[in-house]
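# Geometric and topological summary
Take a look at the letters that make up each chain.
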Amino acid sequence: MNGFLADWAAAVPVFAAPFLLATTGLIINERAGVMNLGAEGIMSMGAVSAVIAMLSGTGLFAAILFACVAALAMTLLFAVLAVVLRLEQVLSGLVIFAFGVGLSGVIGDSYANQPVHALGIVAPRLFSFFPHWLARIIDQDPLTYLAFLLPIIVWWVLERTELGLRLRAVGEDAPAADAAGVNVMLMRVGAVLAGGIVLGLAGAHLSLVGSQVWVNGMVSGRGWIAVALVTFSRWNTLRAIGAALLFGAVQAVIPLILSSGLHVPIYLIQMLPYVATIVVLGASGIGSTRLSAQPEDLARPFLREERR
């Protein structure tokens, strides 16, 4: 049993990282007043692009960069639809979701089920003086470390810098921000694109670290779960770390149960992340702090007075 718990704890950061990256990217979007429901499609494009780059002979850094560029292209399309053309954000996000999932399936068909070289642990012996179980938790790959560092950086930028103040002002009251001289459209497009890059990192983590292979549909609802985690974390990237670890723990226990030989219905086990999502959504709706944390202009269309 101790071995089971040690394996579970060591796997949690890897399973939590895609949730954390995706949630961080969506928080950047929503703090600027833009709701992006296309996360699943953007992550799919990031995942397949990273695998295609790796199988084409590029290095790991180039594969991650390629994933970010592919995600950026998808997010740019969303920014044009939802911010520049001012179309309905929910519908624009659903278009990006469907387009990204479909396109990734088409271009990744000939690259499916081909293993790629995974990101390795940064320093395998650096934490050897710790207890073995703790060293296993700390020993992670660079992309997982980045996943836990990035929310801290984003929180600092949003809460402690002038750029973050402008972005938050756009999300809270766009007309007032426009009157103060903030280019609302530019800020929102920048926030959407920055969030899209982070979503691309989430997709790259899934294919290069998690599964080390591309399979159609491998994102498997993680983008939608990240949408729920944004609300659960109350639009705060530091709280998102705890939320992602919770879902990472749920995800990490699934393969361990399946490989342990326990007679548990597989469909019941696969339901765990979605049951947890329902519980999280219910918990996030309790109390009045949710309303105060939500950006006031979230998912609202531009007003005529705002700058183009």
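Look a little higher up for the structure.
Criteria and cut-off values
- Residues numbered from 1 in each chain as written.
- Predicted model: local features only at pLDDT ≥ 70, side-chain atom pairs only at ≥ 80, totals over all residues.
- Heavy atoms only, no water.
- Helix = DSSP H or I, 4+ residues; strand = E, 2+ residues; numbered from the N terminus.
- Polar contact = N/O pair within 3.5 Å; in protein donor to acceptor, adjacent residues only side chain to side chain.
- Expected span 1.5 Å × (residues − 1).
- Buried < 20%, exposed > 50% of the residue type's maximum accessible area, 1.4 Å probe, protein only.
- Salt bridge = Lys/Arg side-chain N within 4 Å of Asp/Glu carboxyl O.
- Patch = residues over 30% accessible without salt bridge, like charges linked within 9 Å, V, L, I, M, F, W, Y side chains within 5 Å.
- Areas by Shrake-Rupley, 256 points an atom, 1.4 Å probe, with all protein chains shown as cover.

Let us now look at the side chain of Asp141. Mapped onto the elements of the fold, Asp141 is located in the loop between α5 (132–138) and α6 (142–160). Within polar-contact distance, the side chain of Asp141 engages the backbone nitrogen of Leu143 at 3.0 Å. Polar contacts involving the side chain of Asp141 include one to the side chain of Thr144, which spans 2.7 Å.

Let us look at helix α2 (residues 39–55). Its 17 residues place the ends of α2 24 Å apart at the C-alpha level, agreeing with the 24 Å of an ideal helix rising 1.5 Å per residue. Among the 17 residues of α2, 16 are classified as buried, and the element is accordingly described as predominantly covered. Count one or two residues on from α2 and you reach Gly57, which has phi positive near 100°.

On inspection of all chains with the given rule, the structure shows two salt bridges. Between Glu159 and Arg31 there is a salt bridge, and its shortest N-O distance comes to 3.2 Å. You can see Glu159 sitting in helix α6 and its partner Arg31 sitting in helix α1 (residues 2–31), a full 128 residues away along the chain. Here Arg166 and Glu162 are joined by a salt bridge, their closest N and O atoms 3.3 Å apart.

Note on helix geometry: an α-helix contains 3.6 residues per turn, so any two residues three or four positions apart are oriented the same way. Within helix α10 (residues 222–232), nine of the eleven residues are buried, which leaves it mostly tucked inside the rest of the structure. If you check which residues of α10 are buried, you get Arg222, Gly223, Ile225, Ala226, Val227, Ala228, Leu229, Val230 and Thr231. Arg234 sits one or two positions beyond α10 and adopts a positive phi of about 55°.

As a further point, take a nonpolar patch on the surface. A surface patch of nonpolar side chains, about 400 Å² in accessible area, is lined by Leu76, Val80, Val84, Leu85 and Leu87. Counting through the fold element by element, Val80 comes out in helix α3 (residues 60–84). Given a relative accessible area of 32%, Val80 falls into the partly exposed group.

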